[in-house]
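Fold and contact review
As a plain string of letters, each chain reads:
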Amino acid sequence: MRYIAKPSICNNKGMKEFATALEAVVYLNEQLSAKEGDEERYDYVFVTPKTSPKQLKKSVEDYMNIGKLIEVN
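From a predicted model like this one, the values you see are computed outputs, not experimental measurements. (Residues numbered from 1 in each chain as written. Predicted model: local features only at pLDDT ≥ 70, side-chain atom pairs only at ≥ 80, totals over all residues. Heavy atoms only, no water.)

A word on the side chain of N29
Selection criterion: Put simply, DSSP H or I for four residues or longer makes a helix, DSSP E for two residues or longer makes a strand, and each gets a number counted from the N terminus. N or O atoms closer than or at 3.5 Å make up a polar contact, with two conditions inside protein: a donor-capable atom paired with an acceptor-capable one, and, for residues adjacent in sequence, both atoms drawn from side chains. In this description, contact between two residues means that some pair of their heavy atoms is separated by no more than 4.5 Å.
The residue N29 is located in helix α1 (residues 21-32) in this model. At 3.1 Å, the side chain of N29 forms a polar contact with the backbone oxygen of P49. Among residues more than four places away in sequence, those in contact with N29 are T48, P49, T51 and Y63.

Right under this line is the structure:
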């Protein structure tokens, strides 16, 4: 399995391909996590899914549901 991570929905900016789901989730978490000062500027921030082995499957499903991760055979 290969995973394509797409942080931006409207274009292919930052799109990368990964061999494992863990690498893809970690990359998306880095790209989409709130930056310093965002909590004060915005009403809400994106809370990144967990990368623990127990919750990795749920994290992959969460990213797939919002269109940020694609699984390719």
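Thoughts on the packing of α1 against helix α3 (residues 56-65)
For clarity, the threshold we go by: Lines are fitted to the C-alpha atoms to define the axes, a helix being fitted only along its stretch in contact, and any angle between axes, read from their N-to-C directions, falls within 0 to 180 degrees. Here the angle decides the label: under 35 degrees means roughly parallel, over 145 means roughly antiparallel, 65 to 115 means roughly perpendicular, and every other value means oblique. Crossing handedness: left-handed means the near helix sits turned counterclockwise from the far one by under a right angle, and right-handed means the same turn made clockwise. Three classes are used: nonpolar for Ala, Val, Leu, Ile, Met, Phe, Trp, Tyr, Cys and Pro, charged for Asp, Glu, Lys and Arg, and polar for all others, with Gly counted as polar.
Look at α1 against α3: their axes get within 10 Å of each other, and the N-to-C directions meet at 60°. Here α3 runs oblique to α1, going by the angle between their axes. α3 is crossed by α1, and the crossing has left-handed handedness. Judged by residue contacts, A21, L22, V25, L28, N29 and L32 of α1 engage L56, S59, V60 and Y63 from α3. Grouping the constituent residues of the contact of α1 with α3 by class yields eight nonpolar, two polar and no charged.

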